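# Survey of secondary and tertiary structure
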Amino acid sequence: MKYLSITDAEAFISKALQSQQVPAADADIIANLMVQSDLVGADGHGIFRLPAYLKRIRAGGVNLNPNIRIEREQGATALINGDNALGHLVMNRAVDLAIEKVEKHSVCWIGSHYGNHSGAASVYVRKLAEQGYIGIYMAVGNANHMAPWGGIDLLLSTNPIAIAVPAGEGPMVLLDIATTVAAYGKVKVAAQKGESIPDDWMIDRQGKPITDPQRAAEGSLLPIGAYKGYGLAVMIGLLAGALNNAAVGKGTIDFNVHHDLVTNTGQTIIAVDPSAFGNKEEFVSRVIALVEDLKNSATLPGVKEIRVPGEGAAKMMAERRRLGIPVSPELLEALNACANECGIATLNL
């Protein structure tokens, strides 16, 4: 495994995007946010996605000069029209607006439509928690890969949810999950590497396990917690899709296949100021106390330690800031193919 430094990764992504007429300032923002996904180990959402983004740009599937704007606004709520911009730009604007509104109202709900894929959900709630706020994110995924519980029609996406809670000097408590057992990006990474996938990730139309990721188009991802994950996916679809007048259900466009179509991706950011409910420092102390109780609790035989949501991501981030982003031979080949197509220098790792 080769490693690509954070600086080099951001520079490579930005140059590739700029070669396709993405404005330099936008390309730099996108590159930074894409690498944030890699930093926390969300390898299916970071630089891995660059080839797909470039395909959409070349196919005319995204607007490179968008007017990202507030379409509706009422008190602590707002709806952002992303004007079919690259998704990272839409969510970056949504988080900025959330910070503005939570400072004024103590709580806010920002919805968006006409966005695109924007990487790992944790990237955006992390920005809120770093400012001392609680952050919640929900989105309708960019392709339907899950059938309703007991069905075979693909009507739901992985519909992720992320929640971040500040924890003082320690790692923030951060949950970032798909409503499926595995995010589809992990299936794509396995396919690129020629690896198999666990037998509890996907089933075919007869309900039998799929372990070959090359057969992913034949099956459905399984929800977390059986029917409970299915129900959660439905509710997120309603809150991030239907509420925002964004694509959901049969209206969802598979951006892996239709590079030229507008996806109308729906996303939601919620921010909460803990000081609205009491002393913020005391709240953080209670968060830290719970974390310590969990970490110090007795373990089952063979279990070395209890992990708390966000702890693994914090360790991964520290490690990757030091070593760089791991790049498999297959990913390196794909990135250098992009470099050749874009007329920029290839990566020499």
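Placed above this text is the structure.
Overview of the structure. Quantities reported herein were computed from a predicted structural model and do not represent experimental measurements. (Residues numbered from 1 in each chain as written. Predicted model: local features only at pLDDT ≥ 70, side-chain atom pairs only at ≥ 80, totals over all residues. Heavy atoms only, no water.)

### Details of the overall build of the protein chain
- Secondary structure assignment for the protein chain yields ten helices and twelve strands.
- When its C-alpha atoms are laid out on the principal axes, the protein chain stretches across 55 × 50 × 45 Å.
- Looking at the protein chain as a whole, 50% of its 349 residues qualify as buried.
- Excluding contacts between residues fewer than 6 apart, the proportion of contacts in the protein chain whose partners are at least 24 apart in sequence is 66%. (Helix = DSSP H or I, 4+ residues; strand = E, 2+ residues; numbered from the N terminus. Buried < 20%, exposed > 50% of the residue type's maximum accessible area, 1.4 Å probe, protein only. Contact = heavy atoms within 4.5 Å.)

### Description of the packing of aromatic side chains
- Counted by the stated rule, this structure contains one aromatic pair.
- Seen from their ring centres, Tyr 124 and Tyr 137 are 6.1 Å apart, and the 25 degrees between their planes marks the pair as stacked. Separated by 13 residues along the polypeptide, Tyr 124 in helix H5 (residues 122-129) and Tyr 137 in strand S5 (residues 134-139) bring together distant segments of the chain.
- By relative accessible area, which is 0% here, Tyr 124 ends up buried. (Phe/Tyr/Trp six-rings, centres within 6.5 Å; stacked < 30°, edge-to-face > 60°.)

### Focus on the layout of surface pockets
- Estimated volume of the second largest pocket: approximately 300 Å³.
- Forming the boundary of the second largest pocket are 15 residues, of which His 145, Tyr 184, Ala 216, Ala 217 and Asp 254 lie nearest the centre.
- For the lining of the second largest pocket, the per-class residue count stands at seven nonpolar, six polar and two charged. (1 Å grid on protein atoms, 1.4 Å probe; cavity = no way out; pocket = protein on both sides within 12 Å on 5 of 7 lines; lining within 4 Å. Points joined across faces, edges and corners; volume = space filled by probe spheres on them. Nonpolar A, V, L, I, M, F, W, Y, C, P; charged D, E, K, R; others polar.)

### Concerning the packing of helix H3 (residues 50-59) against helix H10 (residues 329-342)
- As a packed pair, H3 and H10 sit with axes 9 Å apart at the nearest point and diverge in direction by 30 degrees. One way to sum up the angle between H3 and H10 is to call them roughly parallel. Residues Leu 50, Pro 51, Leu 54 and Arg 58 of H3 pack against Ala 334, Leu 335, Cys 338, Glu 341 and Cys 342 of H10.
- Its residues assigned to classes, the contact of H3 with H10 shows seven nonpolar, no polar and two charged. (Axes fitted to C-alpha atoms, helices over the stretch in contact; angles between N-to-C directions. Parallel < 35°, antiparallel > 145°, perpendicular 65-115°, else oblique.)

### A short note on the environment of Arg 126
- Checked against the element boundaries, Arg 126 lands in helix H5.
- Considering only alpha carbons, one finds Arg 126 and Ile 136, ten residues apart in sequence, at a separation of 9.5 Å.
- With sequence-adjacent residues up to four places away left out, Arg 126 is seen in contact with Val 40, Ala 164, Met 172, Leu 174, Ala 313 and Met 317.

### Describing the pairing of S5
- Burial analysis of S5 places five of its six residues in the buried class, the great majority of the element.
- Across six bridges, S5 lies against strand S11 (residues 265-272) in antiparallel orientation. Among the inter-strand pairings, Tyr 137 is bridged to a residue of S11, identified as Ile 269.
- Where S5 and strand S6 (residues 161-165) come together, four bridges link them in antiparallel fashion. Looking across to S6, one finds that Ile 136 is bridged to Ile 163. (Pairing = 2+ DSSP bridges.)

### Description of the nonpolar core
- If you look at the biggest cluster of nonpolar residues, it comprises 69 residues, and the most contacted ones within it are Leu 17, Leu 50 and Tyr 137.
- At nine residues, helix H4 (residues 87-105) tops the list of elements feeding residues into this core.
- Non-local contacts of Leu 17, meaning those with residues more than four positions away in its chain, are made with Val 22, Ala 27, Ile 30, Leu 50, Leu 54 and Ile 57.
- Within the second largest apolar cluster, 13 residues are counted, among which are Val 165, Ala 167, Phe 283 and Val 284. (Core = buried A, V, L, I, M, F, W, Y, C linked by side-chain atoms within 4.5 Å.)

### Observations concerning the sheet that holds strand S10 (residues 220-221)
- If you trace the three strands from one edge of the open sheet to the other, you get S9-S8-S10, paired in antiparallel fashion. Of all the strands in the sheet, the pair left with one neighbour each is strand S9 (209-210) and S10.
- Bridging between strand S8 (residues 202-203) and S10 involves two bridges; their strand directions are antiparallel. Of the residues in S10, the one forming a bridge with Ile 203 is Ser 220.

### Overview of the pattern of salt bridges
- As enumerated under the stated definition, the model contains ten salt bridges in all.
- Among the salt bridges present, the one from Glu 311 reaches Lys 295, with a minimum N-O distance of 2.7 Å. Here the residue Glu 311 occupies a position in helix H9 (residues 311-323), and Lys 295 occupies one in helix H8 (residues 280-295), the gap between them amounting to 16 residues.
- A relative accessible area of 13% means that Glu 311 is categorised as buried. (Salt bridge = Lys/Arg side-chain N within 4 Å of Asp/Glu carboxyl O.)

### Details of the environment of Gly 249
- With respect to the element layout, Gly 249 can be found in the loop between helix H7 (227-242) and S11.
- Taking C-alpha positions, Gly 249 is 4.8 Å from Leu 155, a pair spaced 94 residues apart along the chain.
- If near-sequence neighbours (up to four positions away) are discounted, Gly 249 is found in contact with Asn 144 and Leu 155.

Geometric descriptors of this kind do not, in isolation, establish any biological role.
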